[in-house]
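# Descriptive structure summary
Residues per chain, in single letters:
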Amino acid sequence: MRTILVTGGAGFIGANFVRMLIERGEDVKLVVLDKLTYAGNLGNINDLLASQPERLVFVKGDICDGDVVQAMFDDHGCREVVHFAAESHVDRSILSSSPFIQTNVVGTQVLLDVAKSKNAERFVHVSTDEVYGSLPEDKPEIKFAEETPMAPNSPYSASKAASDCLVRAYFHTFHMPVMMTRCSNNYGPYQFPEKALPLFITNLMQGMKIPLYGDGLNIRDWLYVEDHCQAIWTVLNKGKAGEVYNIGGNNEMTNRAIVDTILREMGSNWDDGVQYVKDRPGHDRRYAIDAGKIKRELGWEPRHRFHTAIKKTIQWYKDHQDWWRAIKNGEYLKYYQTQYAGR
Ligand code: NAD
Ligand code: TYD
């Protein structure tokens with residue numbers, strides 16, 4: 001049985017990854033290291049921690065703490081790493097960038113150093129298409145390729161780009177078996193309701209409006225989280241050391257089109273359900289992914305279609321109101337006030 005360190009495994013994508021591997025019976029033991037920041041939630045994996053204690057272990061700790069990371073290898077026997085842990089929300093990085101530099105840059109460096117000293121066998125760094133910057137909306141033929149130069153525009157994407165540079169350097173300098181994935185916007189269960197889709201869906205359920213930034217015509221490529229998790233698993237198993245793999249849903253949509261779909265699915269309308277608000281500073285206009293390399297070389301492609309997966313996602317938030325209502329409280333309300341009041 002392989003023993004894999006999963007950093008950030010109590011967050012949105014990390015928890016979905018853990019759930020996918022454990023529920024489908026992969027021959028793995030997963031050791032989740034997570035600091036449980038505001039975005040981490042043990043409730044995302046608690047049932048599996050209780051039912052599968054030999055295959056899933058949780059350690060509360062910070063990836064910036066070298067001793068804690070070292071114990072993952074020495075005490076828990078980890079030999080591979082999937083690195084999800086990060087500060088991940090652009091708007092929060094605009095309010096304050098220092099936690100982003102600390103976790104995303106320093107944390108990744110600590111993790112790389114320990115993994116190097118322990119001769120980790122495989123290391124997947126989970127990054128984002130946002131490191132490439134923004135694409136013109138009037139040139140739909142242009143998409144991000146792995147060779148596209150990085151040009152990050154937000155403190156979040158700048159910190160992820162810095163971590164990508166470190167990962168690249170550890171391959172070139174130390175020949176570490178590292179791989180990097182750069183994925184587009186994910187949606188699905190367990191996503192913290194500060195991100196657009198769960199925020200929009202849960203606001204409507206609370207009788208609140210969707211706060212739509214600017215003209216609502218920014219474009220993102222949307223991928224169902226399970227497809228992203230399967231892509232990461234594919235890269236961990238079949239990826240080539242030193243390589244970058246772009247991951248996307250081939251599903252570009254304006255924010256207006258996303259909102260339209262959600263309103264329709266939830267029986268609301270533009271007048272009752274949407275409020276245009278002041279734009280995000282430095283708001284990237286368009287992201288689009290060329291995911292040809294991972295398809296050609298590793299045989300991965302998305303399996304979920306947006307129009308069915310979004311229905312499933314909305315239903316999940318309807319069925320799990322306890323989960324998000326517990327989050328939309330306390331610290332969250334302070335954040336919401338700071339972020340949206342007076343916009
Ligand atoms: P998230 O914010 O939901 O979860 C992040 C997790 O990391 C949380 O559980 C948090 O407690 C943990 N964490 C934060 N700082 C930590 C630290 N110092 N030590 C240990 N744990 C820490 O994020 P997510 O949306 O699940 O994103 C996971 C990864 O995927 C990130 O690296 C992000 O950049 C990348 N990514 C996300 C998306 C997306 O659409 N959400 C798209 C592409 C890439
Ligand atoms: P978000 O989920 O923050 O992801 P990204 O990292 O791509 O910015 O936002 C997705 C899109 O939705 C992005 O164009 C910003 C927009 N958005 C809003 O219009 N209103 C909101 O309240 C939020 C959070 C995002």
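Basis of the calculations
Residues numbered from 1 in each chain as written. Chains lettered and ligands numbered in written order. Predicted model: local features only at pLDDT ≥ 70, side-chain atom pairs only at ≥ 80, totals over all residues. Heavy atoms only, no water. Disulfide = S-S within 2.5 Å. Buried < 20%, exposed > 50% of the residue type's maximum accessible area, 1.4 Å probe, protein only. Salt bridge = Lys/Arg side-chain N within 4 Å of Asp/Glu carboxyl O. Helix = DSSP H or I, 4+ residues; strand = E, 2+ residues; numbered from the N terminus. Pairing = 2+ DSSP bridges. Axes fitted to C-alpha atoms, helices over the stretch in contact; angles between N-to-C directions. Contact = heavy atoms within 4.5 Å. Parallel < 35°, antiparallel > 145°, perpendicular 65-115°, else oblique. Left-handed = near helix turned anticlockwise from the far one by under 90°. Nonpolar A, V, L, I, M, F, W, Y, C, P; charged D, E, K, R; others polar. Near = heavy atom within 4 Å. Polar contact = N/O pair within 3.5 Å; in protein donor to acceptor, adjacent residues only side chain to side chain. Areas by Shrake-Rupley, 256 points an atom, 1.4 Å probe, with all protein chains shown as cover.

What follows deals with the state of the cysteines. Applying the stated criterion across every chain yields a total of 0 disulfides. Cys 78 forms no disulfide, and the closest cysteine sulfur to it belongs to Cys 64, at a distance of 18 Å. A disulfide-free cysteine, Cys 165 has its sulfur positioned 18 Å from the sulfur of Cys 64, the nearest such atom. By relative accessible area, which is 41% here, Cys 165 ends up partly exposed.

With that settled, consider the pattern of salt bridges. Using the criterion set out here, one finds 17 salt bridges in the structure. Between Arg 19 and Asp 47 there is a salt bridge whose closest N-O contact spans 2.7 Å. Placement of the pair is Arg 19 in helix α1 (residues 12-23) and Asp 47 in helix α2 (residues 46-51), with a sequence separation of 28 residues. As a salt-bridge pair, Arg 24 and Glu 26 come within 3.0 Å of each other at their nearest N and O atoms. Taking relative accessible area as the criterion, Arg 24 reaches 40% and is therefore assigned partly exposed. When salt bridges that share partners are traced, they join Arg 19, Glu 23 and Asp 47 into one network.

Taken in spatial order, the 7 strands of this open sheet run β3-β2-β1-β4-β5-β6-β10, and their pairing is parallel. The open sheet has two edge strands, β3 (56-60) and β10 (244-247), and neither has a second partner. Averaged over all pairs of adjacent strands, the angle between strand axes in this sheet comes to 20 degrees, irrespective of strand direction. Note that strand β5 (residues 122-128) and strand β6 (residues 178-183) share 6 bridges and pair parallel. Bridge pairing in β6 places Ser 127 opposite Arg 182. Of the strands in this sheet, β1 (2-7), β2 (28-34), β3 and β4 (80-83) touch α1, which is tilted by about 160 degrees from β2. Contacts from helix α6 (residues 155-174) reach β5 and β6, with the element oriented near 155 degrees to β5.

With that settled, the discussion passes to the sheet that holds strand β11 (residues 252-254). Read from one edge to the other, the open sheet built from 3 strands follows the order β7-β9-β11, with strand pairing classed as mixed. Looking at strand neighbours, the two that pair on one side only are β7 (185-187) and β11, the edges of this open sheet. Neighbouring strand axes in the sheet, compared pairwise and without regard to direction, differ in orientation by 50 degrees on average. Of the strands in this sheet, β9 (219-224) and β11 touch helix α9 (residues 255-265), which is tilted by about 85 degrees from β11.

Here the focus is the packing of helix α5 (residues 98-117) against α6. One way to put it is that α5 packs onto α6 with a least axis distance of 8 Å and a crossing angle of 15 degrees. Considering the angle they form, α5 stands roughly parallel to α6. Taken as a pair, α5 and α6 cross one another with a handedness that is right-handed. Residues Phe 100, Ile 101, Asn 104, Val 105, Thr 108, Gln 109, Leu 112, Asp 113 and Lys 116 of α5 form the contact with α6, whose own contacting residues are Tyr 156, Ser 159, Lys 160, Ala 162, Ser 163, Leu 166, Val 167, Tyr 170 and Phe 174. Considering only residue class, the contact of α5 with α6 consists of 10 nonpolar, 5 polar and 3 charged.

As a further point, take the site of ligand 2. Glu 130, Pro 211, Arg 220, Arg 280 and Tyr 340 are the nearest of the 20 residues found near ligand 2. At 2.6 Å from an oxygen atom of ligand 2 is found a side-chain nitrogen or oxygen belonging to Glu 130. Here Ala 196 contributes a backbone N or O atom positioned 2.9 Å from an oxygen atom of ligand 2. Notes on ligand 2: free accessible area 510 Å², of which the protein chains cover 97%. Counting residues per element, the ones that place at least two in the shell around ligand 2 are α4 (90-95), α7 (196-205) and β8 (210-213). The residue inventory of the shell around ligand 2, partitioned by class, reads 9 nonpolar, 5 polar and 6 charged.

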